[in-house]
Amino acid sequence: MMKKKLLTRQSDRISIQILSYVVISVCLVFAMVPLFITLVNSAKDNYSIIENIFSFPQWNELFQNIADNYSIAANEIILPMWRSVFIGFVGSIGNVAIGAILAYIFSRKDFPFKEFIFTLYIAIMLVPSIMGMPVLVNFMSNVLNLKDTYWGYWLPTWGGGQASTLFLFRTFFQQQPLSIYESAEVEGGKDYQILWYISIPLAKPILMLQFVNGFSAQYNDYLWPSLIFNDKKPLMVMLQSLSQQFGNNSQNGAMYAMYIIAAVPLLINTCLNLKEFKSGDFAAGLKL
Amino acid sequence: MKRNKTPLILCLCLFFCFTIGAVFSYLKMPKNIAVEPILDSFVTSIDYKQSGNGFYYSGGTKIVYVDEKGEQSEAIDLSEQTGGQRIYSLMTLEDKNSFIAFGDDTKAYLLKEDGNVLKLEGSFPYNGTPLKIASGEKEFYVIYQIGNYCEVRAYDYEHVSDDFTRRGLLYNYGGKGEGITLTLAKGLRIVSAFVEDDMLYVMHEGGIYKMDTSLKMNCFKFLSEDERTAAGVVSYNKNSYEAVIAEDKFDSDALAVYTTGVTAGCYCKENGQLYFITNNRKLMHYSISEIGSQEIGSDLQLKAVPDIALQDNQAAKPSMYYDAAHAKGYLVFDTIDNLVGVDFSETEVMFTTKGQFDVDDVEISADGSQVLLMYSNSKNGNHEDMQLKIFDVEKQADKSLFTTLLYVCIILAVCTLVLSIFKGMRSSSEKYDTKVKQTLKKMWKHKWIYVILTPSLAGLFLFCYYPGIASLGLSFFDYTAEKQSMKWNNFANYVNIFTNKYSLEAFRNMIIFLVTDLLTCLIPPLIFAFFLSFMRSKRFSNFTRTLLFIPGVIPGIATTLIWRTGIYGEYGVLNALIELFKGEPVKFLTSSGNALASIIMMGFPFIGSYLIFYGAIMNIADAYIEAAELEGCPLLKRIVKIDIPLIMPQLKYVLIMTLIASAQNFNRVYMTTGGSWGTQIPINVMYNNLVAGNYGQSSAYAALLFLIMFIPTFINLRTQKKGME
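Thresholds, definitions, all that
Along each chain, residues carry numbers from 1 onward, in the same order as the chain's sequence is written. Ligands are numbered from 1 and chains lettered from A, in the order in which they are written. Per-residue local features are limited, in this predicted model, to residues with pLDDT of at least 70; the limit for side-chain atom pairs, both in listing and counting, is 80 or more; totals at the level of whole chains, interfaces and linings are taken over all residues. Each side-chain value is worked out from all heavy atoms of the structure, with water and hydrogens disregarded. Only DSSP runs of H or I reaching four residues or more are called helices, and only runs of E reaching two or more are called strands; each is numbered from the N terminus. Using a 1.4 Å probe, the Shrake-Rupley method yields the accessible areas, and only the shown protein chains count as cover for residues. Exposure classes here rest on a 1.4 Å probe applied to the protein chains alone. A residue is buried below 20% of its type maximum, exposed above 50%, and partly exposed in between. By definition, residues are in contact when any of their heavy atoms lie within 4.5 Å. Take a side-chain nitrogen of Lys or Arg and a carboxyl oxygen of Asp or Glu: if they are within 4 Å of each other, that pair is a salt bridge. Between N or O atoms, a polar contact is any pair within 3.5 Å; within protein, one atom must be a potential hydrogen donor and the other a potential acceptor, and residues adjacent in sequence are included only when both atoms are from side chains. Charged residues are taken to be Asp, Glu, Lys and Arg, nonpolar residues to be Ala, Val, Leu, Ile, Met, Phe, Trp, Tyr, Cys and Pro, and polar residues to be all remaining types, Gly included. At least two bridges found by DSSP between two strands are what make those strands a pair. Angles here are taken between N-to-C directions and fall from 0 to 180 degrees, while the axes themselves are lines fitted to C-alpha atoms, restricted in helices to the stretch in contact. For the purposes of this section, nonpolar cores are sets of buried Ala, Val, Leu, Ile, Met, Phe, Trp, Tyr and Cys residues that join through side-chain atoms within 4.5 Å. pLDDT: the predictor's confidence for each residue, scored from 0 to 100. Residues enter a patch when their relative accessible area is above 30% and they make no salt bridge; the linking distance is 9 Å between like charges and 5 Å between nonpolar side chains (Val, Leu, Ile, Met, Phe, Trp, Tyr). The sign given to each residue is positive for Lys and Arg and negative for Asp and Glu; His and the chain ends receive no count. For charged residues, the charge sits on one atom: NZ in Lys, CZ in Arg, CG in Asp, CD in Glu. Oblique is the label for any angle not under 35 degrees, not over 145, and not in the 65 to 115 range, which are roughly parallel, roughly antiparallel and roughly perpendicular in turn. Crossing handedness is defined as follows: a turn of the near helix away from the far one that is anticlockwise and smaller than a right angle gives a left-handed crossing, while the clockwise case is right-handed.

For the overall build of chain A, give the residues involved together with the corresponding values.
Check the secondary structure of chain A and you find 14 helices and zero strands. Start at the N end of chain A and walk to the C end: the helices and strands fall as α-α-α-α-α-α-α-α-α-α-α-α-α-α. Roughly 14100 Å² of accessible area belongs to chain A as shown, and the carbon and sulfur atoms make up 64% of that amount.

Structural data, given as structure tokens:
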């Protein structure tokens, strides 16, 4: 019986290994610098920050500084952040729901003009959203009177998002085993029941992924919210002006605290799909 | 069997009928013309042309002529005469084809129409503020506000430059006592002034003043003591200009005052009726011939005009403008936004227009077919906001009717067209007939699908197709938020983009960013992924990957801002390091030399999309690696010849995504430099234009960006489609 020996590769040579560790470590350090200074400086008072950005906060002042900075920051951004979370959540759920229903229709049903209608959805993916923004702003504000409302944000997001969501979901729905569907139909299941009890649970990973991506995209979105909202600005739109305000008021510590707080919803969001992000399997699994 | 052709013929006939109906409605629809002033400064006053159609408006030192189609031409420039001061008021001299232009230089100019141009016939000085003009046969009378009273001055047409011939004050009629007391008329809102039968009528707030054109009962201020006594003045107060005149010397034909209790009115020469509009929107009238029969100083008993019903809105201060030639009045309610046209001779309401008007003045063209409105969209009545619009009176009357008719006809025409096509096809071939029937049955079976799809498709069209196509279209017009003109501007928007140094720099920057983005998104992550894959310690590898996902959680904008202040800022990391080596602080983002490079270097060490590459590398089958090792292939050669081709799909994917994202990367420049110091990019310029309201220009940028991004987006779509199927 031959013992299976692991072949040493050229990349296992010491020189390559040392090089790898050095390169990776150096890159890690540089990559973490922004995060590092944000965390550290959010626990310092303003003067220390200006004096030396690298310095560590005094231990005895640490808790006081943290309390000060974070409470100032939280006060300012709690309302816009809630708005961002709210519109991102509803927007993303809406996209996923609409996408699931449409994907079910296009994958399981056959009806006249199906291909033509599907092409209509796909064709819009060629046009980037910024193309239509001039007219869209005008249309939403003047014709529909939806400026500065949540619907003014959601409607175009849903309208535009359904194309890519439909495209993505349809493939996954088509890959689901046919036998389950057939037995469900034999049992006399209605369409909405099949959708709710079979299609969606089977496609849960991709639905979750799309929700997480959608939420992240909408939470981070600056362009469309800045055009449609005047008074009810969500967080991203206000971030720049708030940071300048903190800077002018010599509250740099609070400014850094604000960035940390702003990351919390995204952190929670990503944790929902942690497995996918870490392994990179999904990325490799993208059928390219 | 010959199929029945009757339904087809019927449908075709209906189709033609509705098409004709639609065309007819369209032709009959009123076309309102927005007039954009061609002056440098804002519009101050408007007037109508008497010898022909069209209007004049004044602004700055010029007067511009607008014809019935909205074409403008300069009529006269009085900058020499006024010394650069502006003309702020135009007043018509009826039946004389001329008007007076009052300038800020306290000179008034008599201008006579000569074709579309104006000729200066004379000028005279004035003081105070001119309120109204009334024109008679040989003379005209201007009512001025001087201090807090009104003065009337008479001028001779032929000898205007000799200044006024006579003048008098506007007096109120007091009771009897020692004599008739004449006190100065208080309140200065003159709504109308006209000459009838050699008598000057001034319609004033709450009253009508009727005076002889000789002004003999008004001129006491300007007489000497002896002259006054000779005229019969018993006492005269030099300060309040009050005069008491003996009853027997008072000529009641020369001065009479009546109260009306309303604040807006006009005189219709045709039927000799004075029309008034009360504060609660009632139209009243009074016959001018009856004025003499009333007791002087008494209240005119106005009669309601019964057949005219005006809309019931909240009360507002009304104004009236009168078209003498056609006996039509135009009522404007200042704080309410509509203009009501009333035909006095027919006593009926012609039309009511709606709009965001705060109307300042209304002029009617000589033939009564057009109305020029000077209004502002803002409620503070600033002259800077004044806009001009020409309304078509005749067609205005039926606007809503014809609009509805037009839409109904169009819809019915389309329906009948479709129907006739179907019928035609069905009647021509039996096979097609059955096919259509089958399709329709199938559609009915799946009707709920179509019901669900309808709102979805509607959203798709409303929010995606329509804005996209309309934006492309808008880029060819001069469309801005203030002036919504659909004027074809000969690609001016695009020409501007290609000739403007600023925007060319923006495109140059975009290309620079594109190239650097491709380099930074492909090479460093790839190298990093390879090194990560070489590492033997799985624990370290996992640790790295976990650690690296944390910075990705911070919002993109926050990361950009952190780079801006924390790293590139005055007290940031880089400057702190430089200070450590005793250097001078460097301005990274705020200097033209450094800004672009700084933005490009943002995101160092550029390991963003390493995970995709890492996953792909890890998935390379061991067999390939081991085969290469057995052959004694050097590491670098193996990477280049084997690994990279095997992960080519992922490389392509990242390449395409980077191309698409780079052109649309808005935050990077906006949050750091805002486009200054040579870092502007097209999407930022588009955004700035959009926010400023230059929709046309912004659409041009969007269209160009679309063209640039079209190819990578298309390739991406094709690849995804292939991969997914």
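Run through the overall build of chain B, naming residues and quoting values.
Within chain B one finds 20 helices and 32 strands. Taken over 725 residues, chain B has a buried fraction of 50%. In the structure as shown, chain B presents an accessible area of about 34500 Å², 58% of it carried by carbon and sulfur atoms.

How would you explain the interface of chain A and chain B if you had to name every residue and give the values?
Each side of the interface is counted separately: chain A has 97 residues, and chain B has 106 residues. On the surface where chain A and chain B come into contact, there are zero salt bridges. At the junction of chain A and chain B, the tally comes to nine residue pairs in polar contact (both at pLDDT 80 or more). Examining the composition of the side of chain A that touches chain B, we find that 18 residues originate from one element, helix α1 (residues 14-41) of chain A, more than from any other. Class assignment of the residues belonging to the side of chain A that touches chain B gives a composition of 69 nonpolar, 21 polar and seven charged.

Explain the sheet that holds strand β14 (residues 171-173) of chain B to me, and be specific about the residues and the numbers.
Residue and element names in this part refer to chain B. Spatial strand order, β14-β15-β20-β19: four strands in an open sheet with antiparallel pairing. Each end of this open sheet is capped by a strand with a single partner; those strands are β14 and β19 (233-236). Between one strand and the next, the sheet's axes are offset by a mean angle of 25°, whatever the strand orientation. Where β14 and strand β15 (residues 180-184) come together, three bridges link them in antiparallel fashion. Its bridge partner lying in β15, Tyr173 is registered against Leu182.

Go over the pairing of strand β9 (residues 117-125) of chain B, please, and point to the residues and values.
Residues and elements named next belong to chain B. Of the strand pairs in this sheet, strand β8 (residues 107-114) and β9 are connected by eight bridges, and their pairing is antiparallel. Each residue of the ladder has a partner; that of Asp114, found in β9, is Val117. Here β8 folds back onto β9 in antiparallel fashion, the turn holding two residues, of which Gly115 has a positive phi close to 70°.

Would you mind going over the nonpolar core in detail, with residue names and values included?
Ranked by size, the top nonpolar core spans 91 residues in total, and within it A:Met140, A:Tyr219, A:Trp224, A:Leu235, A:Leu239, A:Met258 and A:Tyr259 carry the most contacts. In this view, A:Tyr259 contacts A:Thr38, A:Leu239, A:Ser243, B:Ala558, B:Leu561 and B:Ile562; residues no more than four positions away in its chain are not counted.

Which residues make up the confidence of the model for chain A, and what are the values?
Residues and elements named next belong to chain A. Mean pLDDT over chain A stands at 81; residues scoring 70 or higher make up 92%. Helix α14 (residues 281-285) is the least confidently modelled element of chain A, averaging 42 in pLDDT, while helix α9 (residues 204-220) averages 88, the highest of any element. The low-confidence segment residues 1-5, where pLDDT is below 50, has zero contacts with residues more than four positions distant or belonging to other chains. Predicted confidence for residues 277-288 stays below pLDDT 50, and this span has 25 contacts to residues more than four positions away or in other chains.

Break down the pattern of salt bridges for me, citing the residues and quoting the values.
Opposite charge on two side chains permits pairing when their charged atoms draw close. Residues and elements named next belong to chain B. According to the stated counting rule, one finds 12 salt bridges over all chains in the structure shown. For Arg668, the salt bridge identified is with Asp517, shortest N-O distance 3.0 Å. Taken together, the positions of Arg668 in helix α18 (residues 667-670) and Asp517 in helix α9 (residues 501-534) put the pair 151 residues apart, joining distant regions of the chain. In this structure Arg668 comes out as buried when scored by relative accessible area, which is 12%. The class for Asp517 is buried, based on a relative accessible area of 10%. A salt bridge links Asp643 to Arg638, with the nearest nitrogen and oxygen atoms 2.9 Å apart.

Mind laying out the sheet that holds strand β4 (residues 62-66) of chain B, listing which residues take part and the relevant values?
All names here are of chain B. If you walk across this open sheet you meet the four strands as β2-β3-β4-β5, and the pairing is antiparallel. Strands at the two margins of the open sheet, each flanked by one partner only, are β2 (45-48) and β5 (72-77). The average undirected angle you get between the axes of adjacent strands in this sheet is 25°.

Describe the side chain of A:Ser20, naming the residues involved and giving the relevant values.
When you line up the elements, A:Ser20 lands in helix α1. The contacts of A:Ser20, once residues within four sequence positions are left out, are B:Phe531, B:Phe534 and B:Met535.

Quick rundown of the environment of B:Ser252? Include the residues and the values.
Residue and element names in this part refer to chain B. Mapping Ser252 onto the fold places it in the loop between β20 (243-245) and β21 (255-259). Residue class for Ser252 comes out partly exposed when judged on its relative accessible area of 39%. Separated by 43 residues in sequence, Ser252 and Glu295 place their C-alpha atoms 10.0 Å apart.

Before we move on, could you go through the pairing of β4(B) and cite the residues and values that matter?
All names here are of chain B. Most of β4 is tucked away: four of the five residues are buried. Note: strand β3 (residues 55-59) against β4, five bridges, orientation antiparallel. Of the residues in β4, the one forming a bridge with Gly59 is Lys62. Linking two consecutive strands that pair antiparallel, namely β3 and β4, is a turn of two residues; a positive phi of about 65° is found at Gly60 within it. Bridge count between β4 and β5: five bridges; the pairing is antiparallel. If you follow Tyr65 over to β5, its bridge partner there is Ser73.

Help me get a handle on a positive patch on the surface, residues and values and all.
Residue and element names in this part refer to chain B. A surface patch of positive charge is lined by Lys652, Arg718, Lys721 and Lys722. Tracing the backbone through its elements, the reader meets Lys652 in helix α17 (residues 648-664). By relative accessible area, Lys652 is classed as exposed at 54%.

Give a detailed account of the packing of helix α4 (residues 114-123) of chain A against helix α6 (residues 150-175) of chain A, specifying residues and quantitative values.
Residue and element names in this part refer to chain A. Contact pair α4 / α6: the axes reach a minimum separation of 8 Å and the direction vectors enclose 120°. In terms of orientation, α4 and α6 fall into the oblique class. In the crossing of α4 with α6, the sense of the turn from one axis to the other is left-handed. Residues Phe118, Tyr121 and Ile122 of α4 pack against Gln162, Ala163, Leu166, Phe167 and Arg170 of α6. Residues belonging to the contact of α4 with α6 are distributed by class as follows: six nonpolar, one polar and one charged.

Tell me about a nonpolar patch on the surface, residues and numbers included.
Taken together, A:Ile14, A:Ile18, A:Val22, A:Val26, A:Phe30, B:Met601 and B:Phe604 make up a surface patch of nonpolar side chains, about 630 Å² in accessible area. Per-element tally for the nonpolar patch: the top contributor is α1(A), with five residues. Within the secondary structure, A:Val22 is located in helix α1. When its relative accessible area of 45% is taken as the criterion, A:Val22 is described as partly exposed.

Could you give an account of the side chain of B:Ser98, naming the residues involved and the relevant values?
Among the secondary structure elements, B:Ser98 is positioned in strand β7 (residues 98-103). You can call B:Ser98 buried: its relative accessible area is 4%.

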